[in-house]
Amino acid sequence: MLSGKVAIVTGGSRGLGRAIVEELAAQGAKIAVNYNSNAEAANEVVAQIVENGGEAIAIQANVSDFAQAQSLAKATKDAFGQIDILVNNAGITRDTLIMRMKEDQWDDVLDINLKSVFNCSKAVARPMLRAKNGGRIINISSVSGIVGLPGQTNYSASKAGMIGFTKALAKELGDRQITVNAVAPGFFPTDLTSTLPEDLQKWILENTPLGRMGNSQEVAYAVSFLASDRAAFITGEVIRVDGGLAM
Ligand SMILES: NC(=O)c1ccc[n+]([C@@H]2O[C@H](COP(=O)([O-])OP(=O)(O)OC[C@H]3O[C@@H](n4cnc5c(N)ncnc54)[C@H](O)[C@@H]3O)[C@@H](O)[C@H]2O)c1
């Protein structure tokens, strides 16, 4: 479904990002697996894709840094000749109540979750526009950005910001057939959620109509659909993959 396409997945070495990388590769895309610090994990993901007959490379970049996001796009284009799909997946939490939240906890979350989306989208927009071949930008937001969750003012603000960004950019790039959409996951067991307080985890499960956490592949399937030609007329949309949590 994605053969001949080139995708960048930020923070692609583990968690939801890894599942997205594996699914896009399984659909035939060539993948730039971005990582920030864990080269070993990224190289392992790449090796597995290559072993399965796919094409992938690992590219180090801290996507909250404007210049490094530019280098990520350039390295991808140098390796594969084009960029068709960007998945802005890298993200962190620094959860705490506002009374205890430090300025750096606010800044780190906004820089890594939201500024990175500006940095990477800007870095791929020019090559996508020049190629005149359309494109896909898919932002991994969160239900936290839709309903707001206590202890996550920084995270909810960053994820809500991604949704506004998605809609604005969808309007800017639409006439070039570049679609911009968001996926809003509910609760998935990854490193990111392993530190969620137990009472919040309990509240999430009790309020999820499907009564369970998600599997990482369930996010990856939504991303791969949005990346495909089948989603060519969908833009500025937010797809919740949350078992009904934010309904
Ligand atoms: N797990 C969930 O339940 C859940 C729910 C909603 C949204 N999300 C979102 O999904 C995305 C993936 O989260 P996850 O659960 O897989 O967590 P994770 O911690 O396993 O993965 C996050 C990835 O981002 C990378 N990263 C962090 N800072 C980076 C930087 N500056 N530059 C490049 N990469 C960086 C990490 O190295 C890691 O690979 C995040 O945006 C997160 O907010 C997750």
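The structure under discussion appears in the preceding block.
Residues numbered from 1 in each chain as written. Predicted model: local features only at pLDDT ≥ 70, side-chain atom pairs only at ≥ 80, totals over all residues. Heavy atoms only, no water.

1. Notes on the sheet that holds strand β1 (residues 6–9)
Strand order in the open sheet formed by seven strands is β3-β2-β1-β4-β5-β6-β7, with parallel pairing between adjacent strands. Looking at strand neighbours, the two that pair on one side only are β3 (56–60) and β7 (238–241), the edges of this open sheet. Taken pair by pair, the neighbouring strands of this sheet meet at an average axis angle of 20 degrees, ignoring direction. Summarising the sheet, strand β6 (residues 178–185) and β7 pair through four bridges and their orientation is parallel. Bridging across to β7, V183 finds its partner in I239. In the packing of helix α2 (residues 39–51) onto the sheet, the strands contacted are β2 (30–35) and β3, and the crossing angle to β3 comes to about 165 degrees. (Pairing = 2+ DSSP bridges. Helix = DSSP H or I, 4+ residues; strand = E, 2+ residues; numbered from the N terminus. Axes fitted to C-alpha atoms, helices over the stretch in contact; angles between N-to-C directions. Contact = heavy atoms within 4.5 Å.)

2. Quick look at the packing of helix α3 (residues 66–80) against helix α4 (residues 103–131)
Across the interface, α3 lies against α4 with an axial gap of 8 Å and an inter-helix angle of 40 degrees. Taken together, the axis directions place α3 and α4 in an arrangement best described as oblique. In the crossing of α3 with α4, the sense of the turn from one axis to the other is right-handed. Mapping the contact onto sequence places F66, A69, Q70, L72, A73 and K77 in α3 and F118, N119, C120, K122, A123, V124 and P127 in α4. The class makeup of the residues in the contact of α3 with α4 is nine nonpolar, two polar and two charged. (Parallel < 35°, antiparallel > 145°, perpendicular 65-115°, else oblique. Left-handed = near helix turned anticlockwise from the far one by under 90°. Nonpolar A, V, L, I, M, F, W, Y, C, P; charged D, E, K, R; others polar.)

3. Focus on the pattern of salt bridges
This structure, assessed with the given rule, holds eight salt bridges. Here R18 ties to E22 by a salt bridge, and the two come within 2.9 Å at their closest N and O atoms. Of this pair, R18 and E22 both sit in helix α1 (residues 15–26), separated by four residues, roughly a single helical turn. On the basis of relative accessible area, E22 is assigned to the partly exposed category, the value being 31%. In this structure, the salt-bridge partner of K74 is D78, at a minimum N-O distance of 2.9 Å. (Salt bridge = Lys/Arg side-chain N within 4 Å of Asp/Glu carboxyl O. Buried < 20%, exposed > 50% of the residue type's maximum accessible area, 1.4 Å probe, protein only.)

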